[in-house]
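Listed below are the residues making up each chain.
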Number of protein chains: 2
Amino acid sequence: MSGRAVRADARRNIEKLVESAADVFRERGLHAPLEAVAQRAGVSTGTIYHRFGSREALIDAVVPAYAEEQLDRAAADAMACADPWEGFVRYVERVCELQASNLALNDVISRNHPGTAKLAEVCHRSQEQARRIAERAQADGALRADFAVEDLLFVFWSNAMLIRFTAGTAPDAWRRSLGFTLDGLRAGAAHALPTAALTPEQVERVMAGRGRAPA
Amino acid sequence: MSGRAVRADARRNIEKLVESAADVFRERGLHAPLEAVAQRAGVSTGTIYHRFGSREALIDAVVPAYAEEQLDRAAADAMACADPWEGFVRYVERVCELQASNLALNDVISRNHPGTAKLAEVCHRSQEQARRIAERAQADGALRADFAVEDLLFVFWSNAMLIRFTAGTAPDAWRRSLGFTLDGLRAGAAHALPTAALTPEQVERVMAGRGRAPA
DNA sequence: GGTAAAGTTGAGGCCGGTGTCAAGATAGGG
DNA sequence: CCCTATCTTGACACCGGCCTCAACTTTACC
C-alpha cells in the first residue's frame, strides 16, 4: 500500500528507544522518568512522544511481549514438574525471581503500573496459568485447600515491597521471606482463615487502580 | 524566666495544626502534602513552617507519642497473655490493625518515613519489645526456632503493601494474608530457610533509607 | 488607644516530572 | 544536487509539592 512508511533514521531511533526503555524500565520500574529513556537513547523526550504518543504506549511496545514470554516459561516449567507441589513452589519462586531481577516485571506482577491494555491481558493470561498450577497442587493434597489463586497476589505484593526496600542492601532477603510464606501454604500448616479470598471483581478493581489507599 | 513566650492566637493555631496534622497523617500517611494540613487547620503553609520549621519537626510533634503509646500497649497486652504463642499472635495482629487503621502508623511501622529522631527511637524501643515477645514464644516451642525479630519487618512490610492496595476495596483482606503468614511461623510448619535473617546493621541501613531500590 | 513585638499571609522561586509545538535539521527520491 | 516530506529538537507551559520572605495584620502591654 503506502510507500516508505518511516525513514531509515527514524527506524533506528525507534529501535534505540525500545532498547533503552527496556533497560531503564528494568532498572527503575515502569514509573521511571521518560527523560531517562530519551537520554539513554541519545534523543530528546519530544521524540518519544512523537513516536509513541504516551508513556503507556511506550510500555505497551516494550514490556508485554517480554513479560508474557517470561511468565509463560515459568508456568510451563512448573507444569513440567512431576511433583505438583514442587511445580507450584518453582513457579512462585521463579515469578519472585523475575520481580527481583527486573523492576519492570516487578511492577507488572504486583499490578503497580499505569493500566495498559496489553499488560492487563498478560496478567489475566498469567493468572489462568497460575490457577492450573495451584489447582494441581491442591488436588495432590500438598497445597492447602483454602488457598485461592487470588491469594497469590498477596505473595507477589509482599515480595514487591521487600524488593523495593532491600534490593540495595540484601538482594536475597526475599528468599527468606518466601520461605516463611511457602511454609504457611502447605496443607499441613493450615489453620482456619479469618476472611474469604478476594473475589475476582475485587482483584479487578484493585488492578484498575481504584481501591488503592489515598496516599 | 522569659515572659509571654507565645501569643494566645498563636497558641490556638499550633493546637489546631497539631490536631489537623494528626488527622491528615492518619488518613493519608506521613507523605501527605502539608498544604492539606494547613487547609484543614484554616491556616497557610507558611504558618506551619514558621511554627515547626519542617515536615520532620511537625511529624515529631504529632506522631511519636501516639505511636509509642499504641505500640507499648500492644506489647503489654501480648506479654499479659498466659500463652506465649497466643501473645505473639495478638501482638502481630494488633500491630497490623494499627497499620490498617492509621496510615501514619503504617508508615512508621513499615519504616516508610522521613527519618526523624524521635520516630527512630520509637521504632527501636518497639523492636526490643517485639524481641521479648518473640523469644518467649520461641522458648515455649510454638514459634519456629529459626525466626528472628528482624523477620517481623517482612511481615509488616507485606502488610503495609496489602493495605495500600486493598484499603479501598477489601479493608479486611490483610487478615487473610496474615493468617497464611502466621501458619508459616508455627514451629510445626518449619522447613529449612534458604537465607539468613537481616542483620541489625542491614535493618539500620534500610531504616535510614539507604538500601532502597532506585525507583 | 498607641505602638512594638509577635504572628500570618500568599506570591514566588525552586524542583522534577509531563506533554506540546514552532522552528530547524536531514534523508533520500527526483 | 536540490527540494520536500519526514523527523527531531529544546524551549515552554503546566502540574503538584516544597520552602521562604517581605509585606501586612493582630495582640497585648503600657
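Residues numbered from 1 in each chain as written. Chains lettered and ligands numbered in written order. Predicted model: local features only at pLDDT ≥ 70, side-chain atom pairs only at ≥ 80, totals over all residues. Heavy atoms only, no water.

1. Quick look at the overall build of chain A
- Within chain A, the secondary structure is distributed over 11 helices and 0 strands.
- Secondary structure elements in chain A, listed N-terminal to C-terminal, are α-α-α-α-α-α-α-α-α-α-α.
- Its C-alpha atoms put chain A at 65 × 40 × 30 Å along the principal axes.
- Within the span of chain A, comprising 215 residues, buried residues form 51% of the whole.
- For chain A, the exposed area adds up to about 9,600 Å²; of that, 50% sits on carbon and sulfur atoms.
- Positive and negative charge centroids in chain A, built from 27 and 28 side chains respectively, lie 6 Å apart. (Helix = DSSP H or I, 4+ residues; strand = E, 2+ residues; numbered from the N terminus. Buried < 20%, exposed > 50% of the residue type's maximum accessible area, 1.4 Å probe, protein only. Areas by Shrake-Rupley, 256 points an atom, 1.4 Å probe, with all protein chains shown as cover. Lys, Arg positive; Asp, Glu negative; His and termini not counted. Charge placed at Lys NZ, Arg CZ, Asp CG, Glu CD.)

2. Focus: the protein's contact with DNA strand C
- Near DNA strand C, the surroundings consist of 18 residues, among which Tyr49(A), Arg55(A), Arg7(B), Asn13(B) and Thr47(B) are the closest.
- Of everything in DNA strand C that lies within 4 Å of the protein, sugar and phosphate atoms constitute 76%.
- Measuring from a phosphate oxygen of DNA strand C, one finds a side-chain N or O atom of Tyr49(A) at 2.7 Å.
- Note that a phosphate oxygen of DNA strand C is positioned 2.7 Å from one of the side-chain N or O atoms of Thr47(B).
- Those elements giving two or more residues to the surface near DNA strand C turn out to be α1 (8–28) of chain A together with α1 (8–28) and α3 (45–52) of chain B.
- Examining the composition of the surface near DNA strand C, we find that 4 residues originate from one element, α3(B), more than from any other. (Near = heavy atom within 4 Å. Polar contact = N/O pair within 3.5 Å; in protein donor to acceptor, adjacent residues only side chain to side chain.)

3. Things to note about empty space enclosed by the protein
- In total, this model carries 3 cavities of 30 Å³ or more according to the counting rule given.
- Around the largest cavity, the lining is made up of 25 residues, and of these Ser158(A), Ser177(A), Thr181(A), Ser158(B) and Thr181(B) lie nearest the centre.
- When residues of the lining of the largest cavity are traced back to their parent elements, those giving at least two are α9 (149–166) and α10 (173–185) of chain A together with α9 (149–166) and α10 (173–185) of chain B.
- At 6 residues, α9(A) tops the list of elements feeding residues into the lining of the largest cavity. (1 Å grid on protein atoms, 1.4 Å probe; cavity = no way out; pocket = protein on both sides within 12 Å on 5 of 7 lines; lining within 4 Å. Points joined across faces, edges and corners; volume = space filled by probe spheres on them.)

4. Quick word on the relation of the copies chain B and chain A
- Of the two same-sequence chains, chain B is brought onto chain A (RMSD 0.1 Å, axial shift 0.0 Å) by a rotation of 180°. When the rotation and shift are considered jointly, the pair of chain copies conforms to a two-fold rotation axis. Scanning chain B for the C-alpha nearest the rotation axis identifies Gly184(B), at a separation of 1.7 Å.
- Interface overlap between copies: 100% of the residues of chain B at the interface are likewise at the interface in chain A, consistent with a symmetric, same-surface contact. (Least-squares fit on C-alpha atoms with pLDDT ≥ 70 in both. Contact = heavy atoms within 4.5 Å.)

5. Regarding the interface of chain B and chain A
- The interface is formed by 54 residues belonging to chain B together with 54 residues belonging to chain A.
- In total, chain B and chain A occlude about 4,300 Å² of area from one another, counting both sides; carbon and sulfur atoms represent 68% of this.
- Taken as a group, Phe165(B), Arg176(B) and Phe180(B) account for 19% of the area that chain B buries against chain A, more than any other trio of residues on that side.
- In this assembly, chain B and chain A are joined by 4 salt bridges.
- Between Arg176(B) and Asp151(A) there is a salt bridge, and its shortest N-O distance comes to 2.7 Å.
- Counting only elements with at least two residues in the side of chain B that touches chain A, the list comes to α1, α9, α10 and α11 (200–207) of chain B. (Buried area = accessible area lost by both parts, 1.4 Å probe. Salt bridge = Lys/Arg side-chain N within 4 Å of Asp/Glu carboxyl O.)

6. Notes on the state of the cysteines
All names here are of chain A.
- Counted according to the given criterion, the structure contains 0 disulfides over all chains.
- Of all cysteine sulfurs, the one in Cys96 lies closest to Cys123, which takes part in no disulfide; the gap is 15 Å.
- Given the relative accessible area of 5%, Cys123 is considered buried. (Disulfide = S-S within 2.5 Å.)

7. Here's the deal with helix α8 (residues 117–139) of chain A
Residues and elements named next belong to chain A.
- The terminal C-alpha atoms of α8 lie 33 Å apart, and with 23 residues this matches the ideal 33 Å at 1.5 Å per residue to within 8%.
- Residues of α8 that are buried in the fold lie against α4 (55–62), α5 (64–80), α6 (84–101), α7 (103–109), α9 and α11 (200–207).
- Gly141 sits one or two positions beyond α8 and adopts a positive phi of about 85°. (Expected span 1.5 Å × (residues − 1).)

8. Let's talk about the side chain of Arg111(A)
All names here are of chain A.
- Among the secondary structure elements, Arg111 is positioned in the loop between α7 and α8.
- Buried and unpaired, Arg111 has Glu204 as its nearest opposite-charge partner, separated by 8.0 Å.
- Within polar-contact distance, the side chain of Arg111 engages the backbone oxygen of Ile109 at 3.4 Å.

9. Examining the packing of aromatic side chains
- Evaluation of the coordinates by the stated rule reveals 10 aromatic pairs over all chains.
- Ring centres of Phe88(A) and Phe147(A) lie 5.8 Å apart, and the angle between their planes is 80°; on these two criteria the pair is classed as edge-to-face. Of this pair, Phe88(A) sits in helix α6 while Phe147(A) is found in the loop between α8 and α9, placing the two residues 59 residues apart along the sequence. Phe147(A) shares its class with Phe88(A); the two are buried.
- Chaining the aromatic ring pairs together yields one cluster made of Trp85(A), Phe88(A), Phe147(A) and Phe180(B). (Phe/Tyr/Trp six-rings, centres within 6.5 Å; stacked < 30°, edge-to-face > 60°.)

10. Regarding the domain arrangement of chain A
Residue and element names in this part refer to chain A.
- For chain A, the domain assignment lists domain 1 (8–62) and domain 2 (64–207).
- Contacts between domain 1 and domain 2 engage 11 residues on the former and 15 residues on the latter.
- Scanning the region where domain 1 abuts domain 2 turns up 5 residue pairs in polar contact (both at pLDDT 80 or more).
- For the side of domain 1 that touches domain 2, the elements supplying multiple residues, two or more each, are α1 and α4. (Domains from an automatic or database assignment.)

11. Notes on α10(A)
- In this model, α10(A) (13 residues) spans 19 Å end to end at C-alpha, consistent with the 18 Å of a helix rising 1.5 Å per residue.
- Most of α10(A) sits out of view: 11 of its 13 residues are buried.
- Turning to α10(A), its buried residues are Ala173(A), Trp174(A), Arg176(A), Ser177(A), Leu178(A), Gly179(A), Phe180(A), Leu182(A), Asp183(A), Gly184(A) and Leu185(A).
- Tucked inside the fold, the buried residues of α10(A) contact α6 and α9 of chain A together with α9 and α10 of chain B.

12. As for the nonpolar core
- Of all hydrophobic cores here, the largest spans 141 residues; its most connected members are Phe25(A), Phe88(A), Phe25(B) and Phe88(B).
- Other than its neighbours up to four places away in sequence, Phe25(B) contacts Leu30(B), Ala32(B), Leu34(B), Arg55(B), Leu58(B), Ile59(B), Val62(B), Val63(B), Asn102(B), Leu103(B) and Ala104(B). (Core = buried A, V, L, I, M, F, W, Y, C linked by side-chain atoms within 4.5 Å.)

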